[in-house]
Amino acid sequence: ESMLKSEGPSSKQLKARSSLFNHLKRSLERRFKNATLQQFGSSQSGLSLQAGDLDLCLQFKGEIPNKALRDIKRLLKQQDMENIKIASKALPNPRT
């Protein structure tokens, strides 16, 4: 517990991460009407470190649009996002 307090993100960093997630959620769900963006991993559980990343899962209901990964990467770059890593393989449901 004391390690999380000393190594974990500050309240300002947590607020910035939350704002970033909400911005991405709005942007991606507006672009892909049949999609839902969710957080998982340490950022969701509150166990992230100061330099931790955001683990996100974009789930599609029904058919995945053609070239969706390319469109996502372009959308993020247009919003000045850097160091974007997209896993193109299906991952386990983050709720399990």
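Our structure is the block above this text.
Here is what the cut-offs are and how they apply
- Residues numbered from 1 in each chain as written.
- Predicted model: local features only at pLDDT ≥ 70, side-chain atom pairs only at ≥ 80, totals over all residues.
- Heavy atoms only, no water.
- Helix = DSSP H or I, 4+ residues; strand = E, 2+ residues; numbered from the N terminus.
- Areas by Shrake-Rupley, 256 points an atom, 1.4 Å probe, with all protein chains shown as cover.
- Core = buried A, V, L, I, M, F, W, Y, C linked by side-chain atoms within 4.5 Å.
- Buried < 20%, exposed > 50% of the residue type's maximum accessible area, 1.4 Å probe, protein only.
- Contact = heavy atoms within 4.5 Å.
- Expected span 1.5 Å × (residues − 1).
- Salt bridge = Lys/Arg side-chain N within 4 Å of Asp/Glu carboxyl O.

> Explain the overall build of the protein chain to me, please; I cannot follow it from the model alone.
When helices and strands are tallied, the protein chain shows four helices and two strands. Carbon and sulfur atoms make up 52% of the accessible area of the protein chain, which amounts to about 7,300 Å² in all.

> Teacher, can you tell me more about the nonpolar core here?
Generally speaking, nonpolar side chains in soluble globular proteins are found buried as a group. Core analysis: the largest hydrophobic core is formed by twelve residues, namely Phe21, Leu24, Leu28, Phe32, Ala35, Leu37, Leu58, Phe60, Ala68, Ile72, Leu75 and Leu76. Taken together, the elements giving at least two residues each to this core come down to helix H2 (11-31), strand E1 (35-40), strand E2 (55-60) and helix H4 (68-78). Tallying contributions element by element places H4 first for this core, with four residues. Phe21 has contacts with Leu37, Gln38, Gln39 and Leu56, leaving out every residue within four places of it along the chain.

> How do you make sense of H2 when you look at a structure like this?
The periodicity of an α-helix, 3.6 residues per turn, causes residues three or four places apart in sequence to face the same way. In this model, H2 (21 residues) spans 30 Å end to end at C-alpha, consistent with the 30 Å of a helix rising 1.5 Å per residue. Contact partners of the buried residues in H2: E1, E2 and H4.

> Just checking my understanding: could you explain the environment of Ala35 for this structure?
Among the secondary structure elements, Ala35 is positioned in strand E1. Sequence spacing of Ala35 and Lys25 is ten residues, and the spatial spacing of their C-alpha atoms is 9.5 Å. Those residues in contact with Ala35 that sit more than four places away from it in its chain are Glu29, Leu58, Gln59 and Phe60.

> Help me understand the pattern of salt bridges, please; the structure alone is not making it clear to me.
Two side chains carrying opposite charge are able to pair once their charged atoms lie near each other. For the structure shown, the criterion picks out four salt bridges. As a salt-bridge pair, Asp71 and Arg70 come within 3.2 Å of each other at their nearest N and O atoms. You can call Asp71 buried: its relative accessible area is 10%.

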